[in-house]
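Coordinate inspection notes
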Amino acid sequence: MVDLVWGMAVFLFAVILVAATFGFPETQIALSPAVFPRVIGGVLMVLSILLAVRGGLQLRNGKPGKGASDERAVWMRLVLLVVASIGYVFSLGFVGFVGAGIPYMAVVFLIFGERRPLLVGLLSFGIPLVIYSVFRLGFQVPLPRGVLW
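Each residue is numbered by its place in its chain's sequence as written, counting from 1. Per-residue local features of the predicted model are confined to residues with pLDDT of at least 70, and side-chain atom pairs are confined, for both listing and counting, to 80 or more; whole-chain, interface and lining totals are unaffected and use all residues. Only hydrogens and water are set aside when side-chain values are computed; all heavy atoms of the structure are taken into account.

1. Looking at the domain arrangement of the protein chain
Source of the domain bounds: an automatic or database domain assignment. By domain assignment, the protein chain separates into domain 1 (1-67) and domain 2 (69-148). Computed over C-alpha atoms, the centres of domain 1 and domain 2 are 23 Å apart.

In structure tokens, the structure reads:
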């Protein structure tokens, strides 16, 4: 049941996201600013449909859903993720994109159960650095810079 509800909720969000892009200005140079949000919205739509179908099949087949303790764990992860994301957003101005991204990625990996320190460390450093390199150096998109970076 939870998968069906979340699938429909995320699908609705994706539709709103894509619909909002039709008000974006069209440009003649390079890509329109609407391209990336539309791609993300389309991917979200497909994934949300798959999630909803899975939830519907579980209901139809009579398979039991997650127990109350499993649902509490999911909600706890969600709350922790929201708190970490708020901390990330507020720290961007002080420590910059990479400086805020490294601890944020580590916390996200830990929230979702990754416990291998080497993997958490490598990915926590690697992902923000790759994103920074692609957008700042490749696309020439300025990213938040802080005192530390």
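Right, picking up where we left off after that structure.
2. Things to note about helix 4 (residues 117-138)
With 22 residues, helix 4 ought to run about 32 Å at 1.5 Å a step, and its terminal C-alpha atoms sit 30 Å apart, in line with that. Burial in helix 4 covers these residues: Val120, Ser124, Pro128 and Tyr132. After helix 4 finishes, the residue Gln140 shows a positive phi value of roughly 60°. Counting from the N terminus, the helices are the DSSP runs of H or I reaching at least four residues and the strands are the DSSP runs of E reaching at least two. In a helix, the anticipated span is given by 1.5 Å times the number of residues less one. Three labels apply to residues, based on accessible area from a 1.4 Å probe with only protein chains included: buried if under 20% of the type maximum, exposed if over 50%, partly exposed otherwise in between.

3. Looking at helix 1 (residues 2-20)
Residues that lie three or four places apart on an α-helix share one face, since the helix turns once every 3.6 residues. Relative to the 27 Å expected for 19 residues at 1.5 Å per residue, helix 1 spans 27 Å between its end C-alpha atoms, a close match to the ideal helical length. Three or more residues of helix 1 are buried, namely Asp3, Gly7, Ala14 and Val18. Buried residues of helix 1, seen end-on, are gathered within an arc of 35° and therefore sit on one face of the element. Away from the buried face of helix 1 by more than 90 degrees, exposed residues Leu12, Phe13 and Ile16 are located. Those residues of helix 1 hidden inside the fold are in contact with helix 2 (35-61). To obtain the arc, one takes the directions from the helix axis to the C-beta atoms. By definition in these notes, contact holds between two residues if any of their heavy atoms fall within 4.5 Å.

4. As for the confidence of the model for the protein chain
Each residue gets a pLDDT score, which is the predictor's confidence in that residue and runs from 0 to 100. When pLDDT is averaged along the protein chain, the result is 86, and 93% of the positions lie at 70 or above. Across the protein chain, the element-wise mean pLDDT spans from 87 in helix 1 up to 92 in helix 4.

5. Notes on the nonpolar core
Here, nonpolar core refers to any group of buried Ala, Val, Leu, Ile, Met, Phe, Trp, Tyr and Cys residues whose side-chain atoms link them within 4.5 Å. Residues Tyr88, Leu92, Phe97, Val98, Ala100, Tyr104 and Tyr132 are the most contacted members of the largest nonpolar core, which totals 17 residues. Elements with a minimum of two residues in this core: helix 3 (68-111) and helix 4. Each residue touching Leu92, except ones within four places of it in the same chain, is listed here: Phe97, Ala100 and Pro144.

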